[in-house]
Amino acid sequence: MRNKSVVTEAYQIQFSIELIKLGARLQLLQEETALSRERLIRLYKEVRGKSPSKGMLPYSTDWFISWAPNIHSSLFMNIYKFMQENVGKNAIETFIKSYQLYTEQVQIDGEKPVLSITRAWVLLRFFNAKMMQVTECKECGGEFVIHANELCKHYLCGICHAPSRAGKSKKNIVAAAATHDMGLAMAH
Amino acid sequence: MNTAQLHQEIQEANLSYMLLARQMIQDDEAGAIFRLGINQEMADLIGGLSPAQLLKMAASNMLLCRFRFDERLLLNMITDYNEDRLMAHTHSAILMAKRPAEALAA
């Protein structure tokens, strides 16, 4: 594919830079732009200062179902759907903006974005391919990501019905203990 | 607080709300639409208001902003507000994003 228009090319380079900054993999860029692979690699090296990582993209739908990833991908999906309905921008701009809003939202809760931009993009592809869908939680009414055609008459989301060990990874427990100790030290 | 004071407070709140909304729309339209929960048409309208129009709108005895939660969301927040709730902001963002955006009446 060759670009005829210089303006289109400039525009594509611009949003490619945006995507690379957000951590997009090369395959994503190749799909979303008409720029050649060589140019994309050069661009990637210039922006990140290193070669793009190799290997296949994550391709499992199951990843989006486990606890933390499910909440994060549901949040992203809700934002994306809102943007798609209400903002008159093209698909890639809507995607970039939604991802930025998602990372911002997660940081308010003091967490790291679990969903990488490449995963978010793969998630959208799963939705387009009708491999995944959203369903309403019967308790809070929020929409959450599930496999397509799953039986979900009495679906309860991961926040209303958190599994007992949810959010209690080793790292989190150590961090909580540290803040607790700090609180004690300040009290004395 | 007497009525005159109340009116003044409302007008001040209105003015800062309108100014903030317009600023948000002018800086980053797509983000503002999400954060304010309005649609594109409304964003264009508010973004295009002149300072005089803003002042005129703000000088009302009604508040221009309103609560965006429905009962369920509100209930969810109230029932658990003193517990250390898992991902509370994320949860409310998921519920909030599902709600339809404010639109101009046809």
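Everything numeric here is computed off the predicted structure, so don't read it as measured data. (Residues numbered from 1 in each chain as written. Chains lettered and ligands numbered in written order. Predicted model: local features only at pLDDT ≥ 70, side-chain atom pairs only at ≥ 80, totals over all residues.)

Trainee: I'm lost on the overall build of chain A in this one. Help?
Mentor: The secondary structure content of chain A amounts to seven helices and two strands. The order of helices and strands in chain A, counted from the N terminus, is α-α-α-α-α-α-β-β-α. Counting the 188 residues in chain A, one finds 30% classified as buried. By sequence separation, contacts in chain A at least 24 residues apart represent 50% of the contacts at least 6 residues apart. (Helix = DSSP H or I, 4+ residues; strand = E, 2+ residues; numbered from the N terminus. Buried ≥ 20, exposed ≤ 12 C-beta atoms within 10 Å, placed from the backbone. Contact = placed C-beta atoms within 7 Å.)

Trainee: In this structure, what is going on with the interface of chain B and chain A? I would like to understand it.
Mentor: When the parts of a complex come together, some accessible area is lost, and that lost area is often used as the size of the interface. Chain B puts 19 residues into the contact, and the matching count from chain A is 25 residues. At the level of elements, helix H2 (29-36), helix H5 (71-79) and helix H6 (88-98) of chain B are the ones that each hand at least two residues to the side of chain B that touches chain A. At eight residues, H6(B) tops the list of elements feeding residues into the side of chain B that touches chain A. In the side of chain B that touches chain A, the residues fall into ten nonpolar, seven polar and two charged. (Nonpolar A, V, L, I, M, F, W, Y, C, P; charged D, E, K, R; others polar.)

Trainee: Just checking my understanding: could you explain the packing of helix H1 (residues 3-27) of chain B against H2(B) for this structure?
Mentor: Any two packed helices are characterised by how steeply their axes cross, that is the angle between the axes, and by the distance between the axes. Residues and elements named next belong to chain B. Close contact between H1 and H2 brings their axes to 6 Å; oriented N to C, the two are set at 140°. Accordingly, the angle class assigned to the pair H1 and H2 is oblique. Where H1 approaches H2, its residues Ala21, Met24 and Ile25 are matched on the opposing element by Glu29, Ala32, Arg35 and Leu36. The class makeup of the residues in the contact of H1 with H2 is five nonpolar, no polar and two charged. (Axes fitted to C-alpha atoms, helices over the stretch in contact; angles between N-to-C directions. Parallel < 35°, antiparallel > 145°, perpendicular 65-115°, else oblique.)

Trainee: When you look at the environment of Ile41(A) in this model, what are you seeing that I'm missing?
Mentor: Topologically, Ile41(A) is positioned in helix H3 (residues 37-48). Placed 15 residues apart in sequence, Ile41(A) and Leu26(A) show a C-alpha to C-alpha distance of 7.6 Å.

Trainee: Whenever I open this one, helix H6 (residues 117-128) of chain A confuses me. Can you help?
Mentor: In an α-helix, one full turn covers 3.6 residues, which means residues spaced three or four apart are oriented alike. All names here are of chain A. With twelve residues, H6 extends 17 Å between its outermost C-alpha atoms, agreeing within 8% with the 16 Å of an ideal straight helix rising 1.5 Å per residue. Of the residues making up H6, those classed as buried are Ile117, Arg119, Ala120, Trp121, Val122, Leu123 and Phe126. Where H6 is buried, its residues meet helix H1 (6-21), helix H2 (26-32), helix H4 (67-86), helix H5 (91-108) and strand S1 (132-136). (Expected span 1.5 Å × (residues − 1).)

Trainee: So what exactly am I meant to see when it comes to the pairing of S1(A) here?
Mentor: Where a strand is regular, its side chains alternate between the two sheet faces. Residue and element names in this part refer to chain A. The sheet contact formed by S1 and strand S2 (residues 143-147) spans five bridges and is antiparallel. Paired with Glu136 across the two strands is Glu143, which belongs to S2. Taking the residues that link successive antiparallel strands as the turn, the S1-S2 hairpin has six residues, and the phi of Gly141 there is positive, at about 80°. (Pairing = 2+ DSSP bridges.)

Trainee: In this structure, what is going on with the packing of H4(A) against H6(B)? I would like to understand it.
Mentor: The interhelical angle for the contact between H4(A) and H6(B), taken along N-to-C directions, is 30°, at an axis separation of 9 Å. The angle between H4(A) and H6(B) falls in the class roughly parallel. For H4(A) against H6(B), the interelement crossing comes out left-handed. Together, Ile71(A), Ser74(A), Leu75(A), Asn78(A), Ile79(A) and Phe82(A) of H4(A) and Thr90(B), Ala93(B), Ile94(B), Ala97(B) and Lys98(B) of H6(B) make up the contact between the two elements. Here the residues of the contact of H4(A) with H6(B) are counted per class, giving seven nonpolar, three polar and one charged. (Left-handed = near helix turned anticlockwise from the far one by under 90°.)

Trainee: I would appreciate a short explanation of unusual backbone geometry in the present structure.
Mentor: With the exception of glycine, most residues fall at negative phi, and the peptide bonds are largely trans. Residue and element names in this part refer to chain A. The phi angle at Lys130 is positive, at roughly 60°, despite the residue not being glycine. Along the chain, Lys130 turns up in the loop between H6 and S1. At Asn149, a residue that is not glycine, the phi angle is positive and equals roughly 60°. Mapped onto the secondary structure, Asn149 falls in the loop between S2 and helix H7 (170-187). According to the C-beta neighbour criterion, Asn149 is exposed, with 9 such atoms within 10 Å.

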